[in-house]
Amino acid sequence: MQYTMKISQSQWPSEVYLESLLRKLKTKSHKTSVLTDMESARSNLVQLDIYFETLDYGITSEHPDYLWEDLLSDIGGTLGLYIGVSIVTVIEITKFILELVKSIIKKK
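Residues numbered from 1 in each chain as written. Predicted model: local features only at pLDDT ≥ 70, side-chain atom pairs only at ≥ 80, totals over all residues. Heavy atoms only, no water.

Enquirer: So what about the packing of aromatic side chains? Which residues, and what values?
Expert: Centre-to-centre distance and the angle between the planes together describe a pair of aromatic rings. This model, assessed by the stated rule, comprises one aromatic pair. Arranged with centres 6.4 Å apart and planes meeting at 45°, the rings of Trp 12 and Tyr 17 form a pair that is tilted. (Phe/Tyr/Trp six-rings, centres within 6.5 Å; stacked < 30°, edge-to-face > 60°.)

Quick look at the structure:
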């Protein structure tokens, strides 16, 4: 599956949100005390949001074209054909030999 990339950006945090953000960060960690104004917040913080353009997905599945049952059936059918042909051939050869023996006996 191929995804296309689109990039958009905006300045964060906004002036309206800055005060609320600084309050939340100071209560969570003392390391954020360097963030005192808009400039320090914008140069030290980032908000990254990643969205998928669509939530479509593809399903790939494999199915055998020739099943084991089909293979065994074909082998059985072929063997049956060969055995049938062999029996007919044996009968025809026997018939030929009998007719040959008859013709030899008649000549004598």
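Enquirer: Residue-level account of the layout of surface pockets, with values.
Expert: Considered as a void within the structure, the largest pocket measures approximately 750 Å³ in volume. What lines the largest pocket is a set of 20 residues, among which Lys 6, Ile 7, Asp 49, Ile 50 and Tyr 51 lie closest to the centre. In the lining of the largest pocket, the residues fall into nine nonpolar, seven polar and four charged. (1 Å grid on protein atoms, 1.4 Å probe; cavity = no way out; pocket = protein on both sides within 12 Å on 5 of 7 lines; lining within 4 Å. Points joined across faces, edges and corners; volume = space filled by probe spheres on them. Nonpolar A, V, L, I, M, F, W, Y, C, P; charged D, E, K, R; others polar.)

Enquirer: Quick rundown of the nonpolar core? Include the residues and the values.
Expert: Counting residues in hydrophobic clusters, the biggest one holds five residues: Leu 18, Leu 22, Leu 35, Met 38 and Ala 41. Contributing elements (two or more residues each) for this core: helix H1 (15-28) and helix H2 (38-44). Dropping the residues within four chain positions of it, Met 38 is found in contact with Pro 13, Ser 14, Glu 15 and Leu 18. (Core = buried A, V, L, I, M, F, W, Y, C linked by side-chain atoms within 4.5 Å. Buried < 20%, exposed > 50% of the residue type's maximum accessible area, 1.4 Å probe, protein only. Helix = DSSP H or I, 4+ residues; strand = E, 2+ residues; numbered from the N terminus. Contact = heavy atoms within 4.5 Å.)

Enquirer: Quick rundown of the side chain of Ser 40? Include the residues and the values.
Expert: By secondary structure assignment, the location of Ser 40 is in helix H2. What makes Ser 40 buried here is its relative accessible area of 13%. Within polar-contact distance, the side chain of Ser 40 engages the side chain of Asp 37 at 2.7 Å. (Polar contact = N/O pair within 3.5 Å; in protein donor to acceptor, adjacent residues only side chain to side chain.)

Enquirer: Account for the environment of Ser 86, with residues named and values stated.
Expert: Mapping Ser 86 onto the fold places it in helix H3 (residues 68-107). With a relative accessible area of 41%, Ser 86 lands in the partly exposed category. Taking the C-alpha atoms as reference, Ser 86 lies 88 Å from Gln 11; in sequence the two are 75 residues apart. A distance of 2.8 Å separates the side chain of Ser 86 from the backbone oxygen of Tyr 82, its partner in a polar contact.

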